[in-house]
Amino acid sequence: MSAALPTAPFRIVHTVCSHDCPDSCAVLVSVDGEGRAVKVAGDPSQPVTQGFLCGKVAKYLDRVYAPERILYPLRRKSGAQKGPRPRGREHEVFERLSWDEALDEIAARLQEIANRFGPESILPYSYAGTIGVLGNASMDRRFFHRMGASQLDRTICSEAGGVAWNLVYGKKIGMITEDFRLAKLVLAWGANIHGNNVHLWPFVEQARRNGARLIVIDPYRTRTAALADWHIAIRPGTDAALALGLMHVILNEGLEDRAYIDAMTHGFEQLAQRAREYTPERVAAWTGMTAVEIEQLAREYATTRPAALRMNYGVQRSENGGTAVMAIAVLPALTGAWKVRGGGAQLSTSGAFAWNKQALERPDLALASPLGRKARTVNMSTLGQALTELGAKPEGGPPVHALFVYNSNPGAVAPNQNAVRRGLMRPELFTVVHELFFTDTTDYADYILPATTFLEHTDIQGAYGHYFVQLSQQSIEPPGEARSNVWLFGQLAQRMGFPEACFHDTPEEMIRQALAIGANGHSTNPGMEHITLDDLKQHGHIPLGFHLNPETHPFQPYTSGPVPTPSEKIEFYSEILAADGLDPLPGFVPPTESRWGKDAQRFPLEFLSRKADNYMNSTFANLDSHRKMEARVRNRLEMHPADAAARGIADGDPVRIFNDRGSLRLTALVNGSVPAGVVAASLDWAKLSPGGINVNALTSERLTDIGAAATFYSVLVEVAKAEQKQMQEA
Ligand code: SF4
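Description of the structure in this document. (Residues numbered from 1 in each chain as written. Predicted model: local features only at pLDDT ≥ 70, side-chain atom pairs only at ≥ 80, totals over all residues. Heavy atoms only, no water.)

1. Quick word on unusual backbone geometry
Item 1. The omega angle of the peptide bond from Arg-305 to Pro-306 is -10°, so this bond is cis rather than trans.
Item 2. On the secondary structure map, Pro-306 appears in the loop between helix H13 (291-303) and strand S12 (307-311).
Item 3. Pro-562 follows Gly-561 through a cis peptide bond whose omega is -5°.
Item 4. Relative to the helices and strands, Pro-562 is located in the loop between strand S20 (541-543) and strand S21 (570-571).
Item 5. At Phe-620, a residue that is not glycine, the phi angle is positive and equals roughly 80°.
Item 6. The residue Phe-620 is located in the loop between strand S22 (605-610) and helix H24 (624-629) in this model. (Helix = DSSP H or I, 4+ residues; strand = E, 2+ residues; numbered from the N terminus.)

2. Notes on the sheet that holds strand S19 (residues 468-472)
Item 1. Read from one edge to the other, the open sheet built from three strands follows the order S18-S19-S20, with strand pairing classed as antiparallel. Whereas interior strands pair on both sides, the edge strands pair on one side only; in this sheet they are strand S18 (459-461) and S20. Across this sheet, the average inter-strand angle for adjacent strands is 15°, counted without regard to direction.
Item 2. Where S19 and S20 come together, three bridges link them in antiparallel fashion. Bridged to Val-469 within S20 is Ile-542. (Pairing = 2+ DSSP bridges. Axes fitted to C-alpha atoms, helices over the stretch in contact; angles between N-to-C directions.)

3. Details of the pattern of salt bridges
Item 1. Applying the stated criterion across every chain yields a total of 46 salt bridges.
Item 2. In this structure, the salt-bridge partner of Arg-181 is Asp-179, at a minimum N-O distance of 3.5 Å. Both residues of the pair, Arg-181 and Asp-179, belong to the buried class.
Item 3. Arg-702 is paired through a salt bridge with Glu-593; the nearest N and O atoms lie 3.0 Å apart. Highlighted residues: Arg-702 in the loop between strand S26 (678-682) and strand S27 (716-721) and Glu-593 in the loop between helix H23 (575-579) and S22, separated in sequence by 109 residues.
Item 4. Overall, the relative accessible area of 33% leaves Arg-702 in the partly exposed class.
Item 5. Taking relative accessible area as the criterion, Glu-593 reaches 9% and is therefore assigned buried.
Item 6. A single salt-bridge network, built from bridges that share partners, covers Asp-179, Arg-181, Arg-341 and Glu-551. (Salt bridge = Lys/Arg side-chain N within 4 Å of Asp/Glu carboxyl O. Buried < 20%, exposed > 50% of the residue type's maximum accessible area, 1.4 Å probe, protein only.)

4. Focus on the packing of aromatic side chains
Item 1. Applying the stated rule across the entire model yields 27 aromatic pairs.
Item 2. Between Trp-99 and Trp-487 the ring centres are 4.9 Å apart and the planes differ by 80°, which places this aromatic pair in the edge-to-face class. With a gap of 388 residues between them, Trp-99 in helix H2 (residues 99-117) and Trp-487 in helix H20 (residues 485-495) connect regions that are remote in the sequence.
Item 3. By relative accessible area, which is 7% here, Trp-99 ends up buried.
Item 4. Put simply, the rings of Phe-143, Phe-144, Phe-404, Tyr-406, Phe-489, Phe-498 and Phe-503 touch in pairs and so form one group of aromatic residues.
Item 5. In this structure, Lys-611 is placed above the aromatic ring of Phe-712, and the distance from its NZ or CZ to the ring centre is 4.5 Å. (Phe/Tyr/Trp six-rings, centres within 6.5 Å; stacked < 30°, edge-to-face > 60°. Lys NZ or Arg CZ within 6 Å of the ring centre and 35° of its normal.)

5. A short note on the side chain of Arg-274
Item 1. Of note, Arg-274 is situated in helix H11 (residues 268-276).
Item 2. For Arg-274, the contacting residues outside a window of four places in its chain are Leu-244, Asp-583, Leu-585, Pro-586 and Gly-587. (Contact = heavy atoms within 4.5 Å.)

Laid out in structure tokens, this is it:
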């Protein structure tokens, strides 16, 4: 699959959008006779993609052929300081070198660091810059396992919610996306469907045409909230309280489904006792809703059939985010919503894709490393601490002396940006970044290696918003000397002298490993036994086995057991948490950084560091076409009129937003998008933001209650009017 591409005069190639999005769209790339991609379009035959792409990727060729793309390996010039560089002048501190030189020099330096400080002083840093199975986690994992490098706990986005969902259901599986069209009530909880799960939206619209109501629970007035029948703007971090309040009303009014509870769940009596504490009046005081609204929501949710709940990862980005997901997740089990097709819930569908990760990632290679054991683990959500504090205590292991970044842009996305920058600025820290563009992270790199887009390499992909296995075929040659993750880490392994044959595997061989292709040519992975690689090459997308005949044999999870939890039931009472000595039931504890926290007097506003609708985290933020789409809220601090008036701030005024971790300057946008006491601004590249710093200057490295994940939405700040002059200086 990595051999020379066909030379037909014009061809259409099946690829898959590998950006971090539930939709995993099937993308048809039209390639002209010169081998140039001339069009990208959604595949009309893929039942979830339905022939369209989101606004971010519809313009994808702007990204592929952007003149700013990094096309060759680069090395920092001798004596050139690390640190932020103005956009367009980053190349001045780098010099081009060949791939052979770059690989030799990087391998030699990593070896030297491993010999001197131990291999755990080398830290990989990656996330979901690509969610293709190979590009996301395969040859890179083999490489770092074999080296004995620190392992990275990849917690920055979804870990709290994923772990919490699994405590209740055992596996990240939920409703069929296409079945949302059958719902009579769609409850979008922390889910901006229209903004970042847009292929669910047509099914929601279809349901609404058939009489369904759309209720959105979100502190921010998202695009989805603006289109809802009822937008409930609860206070940040109070989701668990609301879910428990709904349980209270449901149980108080006898609206639970006792037959379903008896057959399918574990711990009902304990949960009922816990829910009794959460009266509507108590919950109203936390959430900002009225008791009547809580009762109304509970009744509507419990008595409408089918009721579909779409929860997304926004819910779990607060300190109590794991518990919040647990509390929300039990609702469809309490009401028996799973029983009716078109009812139930979806957080993620990723648990249905049983890739052969052992073969892909080879964790066994750690035993062949100089350590002879699994290496220590470093949490990516505390990168600032990892780069500045690790090594201070012997039991924590060595300091980080080398950082290898790919599929991520921690200079922009990691919390507590000032601490991260202090770490990245360490002159002796050896930093390699595999990237497409000069970013907030490449400003600190010793070497930059050019990376590929999903058009330029072959991969296989599942999804976290549907149930199709898809093959992404390379459609164009990489520009310049851009190379894929698989190629990069295979080459580096060979330079390091690792003798294992797996470092020579081709992408096609690795796809066969991911599918665990058996002697008969079929996958042996559960749910994929009907899939062959040839069929994937021919069709591009194939549903998982349980979704092959949705009309005659619709998949309805959790309608019968066993459930893959310790009790083999849906766990209202978590046996895993109980065994760990933790509270096994959902409960509400206000976040430390909330209006109930001890610092709320000094920093009385709750800050939402939002993801921009037209970027993908930090991806796309450098493209002018995307920046224009984001113009309405870019560099703006959204405020409630009461909070603005209390500080003498008018719409359009320059403002300073600050806490003990940092400060940034934005322009006030006094609108109705946030409730009183809450302010919001969206993530952008620091180097493209006023003052060269972004919202993560304010976020903390505090971790969630479950899953040890980032807490981007538990942040206290104060806001003051700034002088125009200060703004210009910034
Ligand atoms: S970002 Fe999401 S919606 Fe947009 S094309 Fe990619 S998978 Fe589809």
